[in-house]
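# Working through the structure, step by step
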Amino acid sequence: MSLLGYRIFKHAVLMLLDNISVALRLSVFPFLALGVACYLLALYPAGVLTETDTDNVSSISGAFALGILTLVVLYLITLVWVAVGWHRYVLQNIEPNLAWPVWNSDRMWAYAGAFLRIIPLSILLCFVALLLFIIPAAIFNGGDVSTDDGTFFWLFA
């Protein structure tokens, strides 16, 4: 079974290397535009980034948080857009435009739906992995698993 996985991985890498110009044509400009949007958000004035309440506690301003949320959504849209363009090229031999992948909203919705269906499975697998690593850690550490050392964060990451 692992040999089959290796063959699939090898085939995917070789397809990407054999078609590197198409892969770059599909992905460079969309991700470059996203990078420019990130850069523009980073230029946001520092005084507007945080708000201070009456107890002198700083927090991220609402506008900056909305900008970050917008960039996250744009990143996901860009990722799906490029993936659809690549798969249309590889599976159906549809050549992409010179600079941008073709916007194919019905296929993008299908990919986004598949992505959303995978999220609960991913969360479940992370929880199982957490249990598989935390229980032995508790046994070998005398029942003491600290949350201060970042154990939970790194297991979920």
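Computed from a prediction, not measured in an experiment: that's the story for all the values here. (Residues numbered from 1 in each chain as written. Predicted model: local features only at pLDDT ≥ 70, side-chain atom pairs only at ≥ 80, totals over all residues. Heavy atoms only, no water.)

## Some remarks on the pattern of salt bridges
- This model, assessed by the stated rule, comprises 1 salt bridge.
- Among the ionic pairs, Glu95 bridges to Arg25, the shortest N-O distance being 2.9 Å. In this pair, Glu95 sits in the loop between α4 (62-92) and α5 (105-140) while Arg25 sits in helix α2 (residues 20-42), placing the two residues 70 residues apart along the sequence.
- With relative accessibility at 45%, the residue Glu95 sits in the partly exposed group.
- By relative accessible area, Arg25 is classed as partly exposed at 25%. (Salt bridge = Lys/Arg side-chain N within 4 Å of Asp/Glu carboxyl O. Helix = DSSP H or I, 4+ residues; strand = E, 2+ residues; numbered from the N terminus. Buried < 20%, exposed > 50% of the residue type's maximum accessible area, 1.4 Å probe, protein only.)

## Points about unusual backbone geometry
- Phi is positive for Asn93, which is not a glycine, with a value near 55°.
- Along the chain, Asn93 falls in the loop between α4 and α5.
- A relative accessible area of 57% places Asn93 in the exposed class.

## Details of the side chain of Thr78
- Note that Thr78 resides in helix α4.
- Take Thr78: its relative accessible area is 8%, and that puts it in the buried class.
- Discounting chain neighbours no more than four positions away, the residues touching Thr78 are Pro30, Phe31 and Leu34. (Contact = heavy atoms within 4.5 Å.)

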